[in-house]
Amino acid sequence: QLVESGGGLVQAGGSLRLSCLASGFTFRIYGMGWFRQAPGKEREFVAFINWSGYSTYYADSVKGRFTISRDNAKNTVYLQMNSLKPEDTAVYYCAATYGTTWRVDDMNYWGKGTQVTVSS
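These figures come from a predicted structure and were not determined experimentally.

1. With respect to the overall build of the protein
When its secondary structure is counted, the protein shows 0 helices and 11 strands. Helices and strands appear in the protein in the N-to-C order β-β-β-β-β-β-β-β-β-β-β. The C-alpha atoms of the protein give a radius of gyration of 13 Å, which matches the 14 Å a tight globule of 120 residues would have. Counting only C-alpha atoms, the protein reaches 40 × 30 × 25 Å along its principal axes. The buried share among the 120 residues of the protein stands at 43%. Within the protein, residue pairs in contact and separated by at least 24 positions form 56% of the contacts whose partners lie at least 6 positions apart. Carbon and sulfur atoms make up 48% of the accessible area of the protein, which amounts to about 6400 Å² in all. Mean positive and mean negative side-chain charge positions of the protein (12 and 9 charges, respectively) differ by 6 Å.

Structure below.
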């Protein structure tokens, strides 16, 4: 099970920190990703972190503004979002994969999502 938290309403330029608490599987051996889906659009990749936390990858649209991290002792993955823009508005989902790729179809477990709304 994956449970996201930390979403909300923020003004453009502001920051939010999303958290995702995992249970029911061996979190420390899974790669973790964040995805988002805006109304009328397909779910898209945002960020990925490998099982150890040493490798991270980002979508070009968030590179330099968002940071993914994880705490394996707490079974939690985070997404720090800075310099938020209205186009970041979406439902944000965390997901887990036993593999090393991070396409939507590659993920084994999904959370239910948390809404992030950025006002202009």
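2. Regarding the sheet that holds strand E8 (residues 76-81)
Here 4 strands make up an open sheet; going across it, the order is E1-E3-E8-E7 and the pairing antiparallel. Edge strands, defined here as strands with exactly one partner in the open sheet, are strand E1 (2-5) and strand E7 (66-71). Each adjacent strand pair in this sheet contributes to an overall mean axis angle of 15°, direction not counted. Note: strand E3 (residues 16-22) against E8, 6 bridges, orientation antiparallel. Note on E8: the bridge partner recorded for Leu 16 is Met 81.

3. Considerations on the environment of Arg 28
Assignment of secondary structure puts Arg 28 in the loop between E3 and strand E4 (31-37). Taking the C-alpha atoms as reference, Arg 28 lies 14 Å from Asn 108; in sequence the two are 80 residues apart. Setting aside residues no more than four positions away along its own chain, Arg 28 makes contact with Trp 51, Arg 70 and Asn 72.

4. Remarks on the pairing of E1
Looking down a regular strand, the side chains alternate between one sheet face and the other. Burial along E1 is one-sided: Leu 2 and Glu 4 are buried, while Val 3 and Ser 5, pointing the other way, are not. Summarising the sheet, E1 and E3 pair through 4 bridges and their orientation is antiparallel. When the bridges of E3 are listed, Leu 2 appears paired with Ala 22.

5. Notes on the nonpolar core
Trp 34, Val 77, Leu 79, Met 81 and Tyr 92 are the most contacted members of the largest nonpolar core, which has 34 residues in total. Leu 79 has contacts with Leu 16, Arg 17, Leu 18, Trp 34, Val 46, Ala 47, Phe 66, Thr 67, Ile 68 and Tyr 92, leaving out every residue within four places of it along the chain.

6. Description of the side chain of Arg 65
In this fold, Arg 65 is placed in the loop between strand E6 (56-58) and E7. Looking at Arg 65, the relative accessible area reads 10%, which means it is buried. Within polar-contact distance, the side chain of Arg 65 engages the backbone oxygen of Ser 83 at 3.0 Å. A polar atom in the side chain of Arg 65 sits 2.8 Å from the side chain of Asp 88.

Rules of the game
- Residues numbered from 1 in each chain as written.
- Predicted model: local features only at pLDDT ≥ 70, side-chain atom pairs only at ≥ 80, totals over all residues.
- Heavy atoms only, no water.
- Helix = DSSP H or I, 4+ residues; strand = E, 2+ residues; numbered from the N terminus.
- Rg over C-alpha atoms; globule rule 2.2 N^0.38 Å.
- Buried < 20%, exposed > 50% of the residue type's maximum accessible area, 1.4 Å probe, protein only.
- Contact = heavy atoms within 4.5 Å.
- Areas by Shrake-Rupley, 256 points an atom, 1.4 Å probe, with all protein chains shown as cover.
- Lys, Arg positive; Asp, Glu negative; His and termini not counted.
- Charge placed at Lys NZ, Arg CZ, Asp CG, Glu CD.
- Pairing = 2+ DSSP bridges.
- Axes fitted to C-alpha atoms, helices over the stretch in contact; angles between N-to-C directions.
- Core = buried A, V, L, I, M, F, W, Y, C linked by side-chain atoms within 4.5 Å.
- Polar contact = N/O pair within 3.5 Å; in protein donor to acceptor, adjacent residues only side chain to side chain.

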